[in-house]
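Inside the fold
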Protein chains: 2
Amino acid sequence: MRLDTDPYLSRYAERVQGMSASAIRALFALTARPEIVSFAGGNPAVEALDLEAAEAVAAAVVRESGAVALQYGIGQGRPELREQLVDVMAHEHVPAHVDDLVVTAGGQQALELIAKCFVDPGDVVIAEGPTYVGGISALASHQAEVRHVPMDAEGMQVDALEDLLLRLSQEQRRVKLLYTIPNHQNPGGVSLSLERRQRLAELAERHDLLILEDNPYGLLDFAGRIQPSIRQLVPDRVVYVGTVSKTFAPGVRTGWIAAPHPIRDKLVLLREAADLCPATLTQMIVERWLATQPWREQVKRFRGVYQEKAEAMLGALAATMPDGITWTRPSGAFYVWMTVPAGVDTSDLLAKAINHRVAYVPGRGFYADGSGGDQLRLCFSQPSVERIEEGVERLGELLTTELDLVRAVYGAHAPAAASRPEEGRGALG
Amino acid sequence: MRLDTDPYLSRYAERVQGMSASAIRALFALTARPEIVSFAGGNPAVEALDLEAAEAVAAAVVRESGAVALQYGIGQGRPELREQLVDVMAHEHVPAHVDDLVVTAGGQQALELIAKCFVDPGDVVIAEGPTYVGGISALASHQAEVRHVPMDAEGMQVDALEDLLLRLSQEQRRVKLLYTIPNHQNPGGVSLSLERRQRLAELAERHDLLILEDNPYGLLDFAGRIQPSIRQLVPDRVVYVGTVSKTFAPGVRTGWIAAPHPIRDKLVLLREAADLCPATLTQMIVERWLATQPWREQVKRFRGVYQEKAEAMLGALAATMPDGITWTRPSGAFYVWMTVPAGVDTSDLLAKAINHRVAYVPGRGFYADGSGGDQLRLCFSQPSVERIEEGVERLGELLTTELDLVRAVYGAHAPAAASRPEEGRGALG
């Protein structure tokens, strides 16, 4: 096993079925080579941060409060930081009180703690299909049975969700959680429409659902548009997860959970058993960044960077992709989800892609049930506009050759993809 | 539940049986009042750090490597930091290679990941009695059955361990882990003697044991004495845990595990599922601190601070404690473990102690089996020498009154303590 890939890629490697994790890890390790345009990793563009301001903030925290910053803190996280995070939520119109919040080591620890709190082995958790690989990891590590609901350009298909809820109810299976990333979903690159948010809230009331709302990308809408959160619609039914990883920096590992107080109390105890408390130093750096720096302007800068890259990628895709390939059109954040014709397996294709000096993440890592073999994720946050165009062109050439080959072998009757999601796949892309 | 106590105290509150966790939490919350001398919390004396140097280190990391420091890292932790940690281990003569290490969010996350990796519900884990509350929490949260081995002034009683191993073997129960803190144990304040280390290593070979060696305090011996680690004696049978919390600062949440590679690989995957990766920013600060600052001199400074406080506490205890009370004499770190005569319950006594403006941690929190009702922990790392003397005097007055009361009620025939450890209690103190 290679341990020097990034932790996201490592998660994908574990989740991609049909190939061994070690083979996928070995391929991902190659994506760090400079000649390869990597659309694989999901790192935000921290180089667009005001690093001088970040240095001043870090120095001031140690200078003015060193003995506090270097000491243990409390399990729930500093009240001063939670005040600032409530402000960040308010910027998205998400209601919260400082007492509702638990500071976590990024969004990933939030998902892990929530999974540990709620999931008993065999419990059903509903999630979008595809969904965030780290969410599947956290749920699977507590032996949840993840059932997917397909998506389309308007996000989770709420009709399909309703059908699934009825089926599960007939099977007398209780749904422990519904996991959703309503804004600029990773990896789908789509957002839940307003009408569907309202229907989801109604379904939650009718079926007594607890919703795990994961919102890393809400502030990265290219047009600055803000949609109502599920927490806003049904506050008592939502455990909300936020993070500063995409609006400030992932290297401080700072996220949070906003939850009803009985749940919050359990999460604080689990957090203390996991690692006692968040690092006081990074908490104080984040809190000072948010309190003293123009962070809303910084978020606008990130949006601009991603929008330019999104346009480059979408333009290049339209110019180079052969017929039969579809993809989503993100209006925020940094993911494009692609579906290729049946007969092409995106896990098998990865080695060829790397040979063509371009990398992506195969689709199977984003499903708990082994589907997604004809899908893949492209992340455009890191490469430059020129490299994006180059990489898409290489991928287009590869897929053109590959599709010619499939058609030569199978004619018009290409086989179905290796596996399809249990609940039927949506029209994503 | 009060959430604003420190996370250690919160752990104790959860573990103290016989009183409700919320009652203990409420009492601990009072210990922050300035009029109370608190021997309860276990915070190291970070105010003895060179804070100007810490500021320079933090600023230089962001200035020179901001875009790396603020980005995601890899799950195992930075190789550059692991190099430095191998050096720290070498300072204690503990052999390790940079590939053996996994960086964790302090020692607590190390314990949690190891528990998650090895413990299935109902598995037996052997530990010293008393032992670190966070270790019990991590093991208990994975439903281990913790069996205690008593200690005396030379640490874990290896004869009693051998008896227990034979009994467990007759019961055909497999021991998953043996958890030990060989140096300046928390809460016992004693170290495992050289002869017993060797016998423990032999027993590990003979009984096919995996040892979880937790070493937060090894560098804090007042005389600078360094004892051989268990890892040094039987490297393939040890999962070793270190931390910079007591030699640099807990506010950076940086610890590590050194383990045989098949175990290391599993721990990296668990770590990624838990929170993806350690914070790059704090990793780089620790790595630069260790690489550029005279950290060995800093550790000597910490030792001097704790030695002075230890002498103050031991002097005050000898001067003020009534007959019938015993305590350990630490040769490093910052804990004294006290045993009071049967008939006094240290959990019940805590409210009176706080009324007397002195606080400690009741003994039951340090056992998994409800014993320790006649014991308590005093931590002297935080109060000044004057405050230590004042606090011990107050505790001495309280215990004198309390013992008079017990003798008046029961005469010479005081009842046994509420509960005794299953395996019989040692002569600790």
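Just so we're clear, the structure is a prediction, and the values are computed from it rather than from any experiment. (Residues numbered from 1 in each chain as written. Chains lettered and ligands numbered in written order. Predicted model: local features only at pLDDT ≥ 70, side-chain atom pairs only at ≥ 80, totals over all residues. Heavy atoms only, no water.)

Before going further, it helps to examine the overall build of chain A. For chain A, the helix and strand inventory stands at 14 helices and 14 strands. In terms of overall size, chain A behaves like a compact globule, its C-alpha atoms giving a radius of gyration of 21 Å where 429 residues would be expected to give roughly 22 Å. Dimensions of chain A, computed from C-alpha atoms along their principal axes, come out at roughly 70 × 55 × 40 Å. Per-residue burial over chain A gives 66% buried out of 429 residues. For chain A, the exposed area adds up to about 14,200 Å²; of that, 49% sits on carbon and sulfur atoms. (Helix = DSSP H or I, 4+ residues; strand = E, 2+ residues; numbered from the N terminus. Rg over C-alpha atoms; globule rule 2.2 N^0.38 Å. Buried < 20%, exposed > 50% of the residue type's maximum accessible area, 1.4 Å probe, protein only. Areas by Shrake-Rupley, 256 points an atom, 1.4 Å probe, with all protein chains shown as cover.)

Further remarks concern the interface of chain B and chain A. Listed by partner, the interface residues are 65 residues for chain B and 65 residues for chain A. Interface area, chain B with chain A, both sides summed: about 5,300 Å², of which 65% is carbon and sulfur. Linking chain B with chain A are four salt bridges. Across the pair B:Lys116 and A:Glu112 runs a salt bridge, and its minimum N-O distance is 3.2 Å. Listed by contribution, the elements that provide at least two residues to the side of chain B that touches chain A are helix 1 (7-15), helix 3 (51-69), helix 5 (106-118), helix 6 (133-141), helix 10 (261-275) and helix 11 (280-292) of chain B. Sorting elements by how many residues they give to the side of chain B that touches chain A places helix 3 of chain B first, with 10 residues. Across the side of chain B that touches chain A, the residue classes break down as 32 nonpolar, 18 polar and 15 charged. (Contact = heavy atoms within 4.5 Å. Buried area = accessible area lost by both parts, 1.4 Å probe. Salt bridge = Lys/Arg side-chain N within 4 Å of Asp/Glu carboxyl O. Nonpolar A, V, L, I, M, F, W, Y, C, P; charged D, E, K, R; others polar.)

Residues and elements named next belong to chain B. Extensive coverage of strand 8 (residues 238-243) is indicated by the burial of six of its six residues. Of the two faces of strand 8, the one holding Val238, Tyr240 and Gly242 and the one holding Val239, Val241 and Thr243 are both buried throughout. The pairing of strand 8 with strand 9 (residues 255-258) spans four bridges and is classified as antiparallel. Paired with Gly242 across the two strands is Trp256, which belongs to strand 9. (Pairing = 2+ DSSP bridges.)

This part is about the pattern of salt bridges. All names here are of chain A. Enumeration according to the criterion identifies 46 salt bridges over all chains in this entry. With a closest N to O distance of 3.1 Å, Lys352 and Glu402 form a salt bridge. Remark: Glu402 occurs in helix 14 (residues 385-410) and Lys352 occurs in helix 13 (residues 346-355); sequence separation between them is 50 residues. On the basis of relative accessibility, which here comes to 39%, the residue Lys352 falls in the partly exposed class.

What follows covers empty space enclosed by the protein. Within this structure, the stated rule accounts for 12 cavities of 30 Å³ or more. Computed from the structure, the largest cavity encloses a volume of approximately 210 Å³. Secondary structure elements with two or more residues in the lining of the largest cavity: strand 2 (101-104), helix 10 (261-275) and helix 11 (280-292) of chain A together with strand 2 (101-104), helix 10 and helix 11 of chain B. Among the residues forming the lining of the largest cavity, the class breakdown is 12 nonpolar, eight polar and six charged. (1 Å grid on protein atoms, 1.4 Å probe; cavity = no way out; pocket = protein on both sides within 12 Å on 5 of 7 lines; lining within 4 Å. Points joined across faces, edges and corners; volume = space filled by probe spheres on them.)

A separate point is the UniProt feature "domain: Aminotransferase class I/classII large" (unreviewed entry) in chain A. The UniProt record marks residues 36-395 of chain A with the feature "domain: Aminotransferase class I/classII large" (unreviewed entry), using the residue numbering of this structure. End C-alpha atoms of residues 36-395 of chain A are separated by 11 Å, and the span's content is 44% helix alongside 16% strand. (UniProt positions renumbered as here; feature names shortened; annotations may be inferred.)

It is worth spelling out helix 11 of chain A at this point. All names here are of chain A. Taking 1.5 Å of rise per residue, the 13 residues of helix 11 would be expected to cover 18 Å, and the 18 Å separating its terminal C-alpha atoms lies within 8% of that figure. Counting buried residues in helix 11 gives 10 out of 13 residues, a clear majority hidden from the surface. All of the buried residues along helix 11 are Thr280, Leu281, Thr282, Gln283, Met284, Ile285, Val286, Glu287, Trp289 and Leu290. (Expected span 1.5 Å × (residues − 1).)

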